[in-house]
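Understanding the architecture of this molecule
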Amino acid sequence: MKAQVPAEDEKSPRPETLRRRVDFVRVSHGARIAQPAFTVQMAPREPVDSTAPARFGLTVTRKVAGAVDRNRIRRRLREALRLGGALGAKPGRDYVFVARRAALSAPFPELLAQMTEGLARVNDRGAAGPRAKAQDANRKTG
């Protein structure tokens, strides 16, 4: 899957970001999709506002790498979002990217493609409704 990237001279708007811990925790209980470089989590915005632009958050834990590499991963993911990774995002939803070590060494075009594919897949999964622990338990036993 090839990601659409704006031309060099085109300035992409900076995506809106999640800032409060409460929002990150709420999104962590929503739909999620795993990609090689990160996991994408998604939840509808509270209060529900389908016209508001999508918001994004990045999480890079200390388990992933040291401070220098964590900052580099954050910069790479932010730039991928800005350049077109956010095109698959739907309004009124919040997304969190939980980075893995592979985000540091993945070629940038591949990172863009993973981001676009991850957003599309998590939107499909999120349309089915939020994750429920009872449903997960039934899958394991049934």
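See the structure printed just above.
It should be emphasised that the depicted structure is a prediction, and the values quoted were computed from it without experimental measurement.

Describing the nonpolar core
One finds Phe 38, Phe 56, Ile 73, Leu 77, Tyr 95 and Phe 97 to be the most contacted residues of the largest nonpolar core, which totals 27 residues. If you list the elements that add at least two residues to this core, you get strand S2 (31-34), strand S3 (38-44), strand S4 (55-59), helix H2 (67-83), strand S5 (93-99), helix H3 (102-105) and helix H4 (108-127). No other element matches H4, which puts 5 residues into this core. Beyond its immediate sequence surroundings of up to four residues, Phe 97 is in contact with Phe 38, Thr 39, Val 40, Phe 56, Gly 57, Leu 58, Thr 59, Leu 81, Met 115 and Leu 119.

Comments concerning a positive patch on the surface
A cluster of basic side chains, namely Arg 14, Arg 19, Arg 75 and Arg 78, defines a positive patch on the protein surface. Along the chain, Arg 75 falls in helix H2.

Quick notes on H2
Between its first and last C-alpha, H2 extends 24 Å over 17 residues, near the 24 Å set by a 1.5 Å rise per residue. If you check which residues of H2 are buried, you get Asp 69, Arg 70, Ile 73, Arg 76, Leu 77, Ala 80, Leu 81 and Leu 83. Phi turns positive one or two residues past the end of H2, at Gly 84, with a value near 145 degrees.

So, unusual backbone geometry
The peptide bond linking Glu 46 to Pro 47 adopts the cis configuration, its omega dihedral lying at -5 degrees. Its place among the elements puts Pro 47 in the loop between S3 and S4.

A closer look at the packing of aromatic side chains
In total, this model carries 3 aromatic pairs according to the counting rule given. Measuring from ring centre to ring centre gives 5.1 Å for Phe 38 and Phe 97, while their planes differ by 85 degrees; the resulting arrangement is edge-to-face. With Phe 38 in strand S3 and Phe 97 in strand S5, the pair connects residues that are 59 residues apart, well separated along the chain. One exposure class covers both Phe 38 and Phe 97, and it is buried. An aromatic cluster of at least three residues, connected via ring pairs, comprises Phe 38, Phe 56, Tyr 95 and Phe 97.

Reading the values: rules and limits
- Residues numbered from 1 in each chain as written.
- Predicted model: local features only at pLDDT ≥ 70, side-chain atom pairs only at ≥ 80, totals over all residues.
- Heavy atoms only, no water.
- Core = buried A, V, L, I, M, F, W, Y, C linked by side-chain atoms within 4.5 Å.
- Buried < 20%, exposed > 50% of the residue type's maximum accessible area, 1.4 Å probe, protein only.
- Helix = DSSP H or I, 4+ residues; strand = E, 2+ residues; numbered from the N terminus.
- Contact = heavy atoms within 4.5 Å.
- Patch = residues over 30% accessible without salt bridge, like charges linked within 9 Å, V, L, I, M, F, W, Y side chains within 5 Å.
- Areas by Shrake-Rupley, 256 points an atom, 1.4 Å probe, with all protein chains shown as cover.
- Salt bridge = Lys/Arg side-chain N within 4 Å of Asp/Glu carboxyl O.
- Lys, Arg positive; Asp, Glu negative; His and termini not counted.
- Charge placed at Lys NZ, Arg CZ, Asp CG, Glu CD.
- Expected span 1.5 Å × (residues − 1).
- Phe/Tyr/Trp six-rings, centres within 6.5 Å; stacked < 30°, edge-to-face > 60°.

Functional significance is not addressed by these values, which are geometric in nature.
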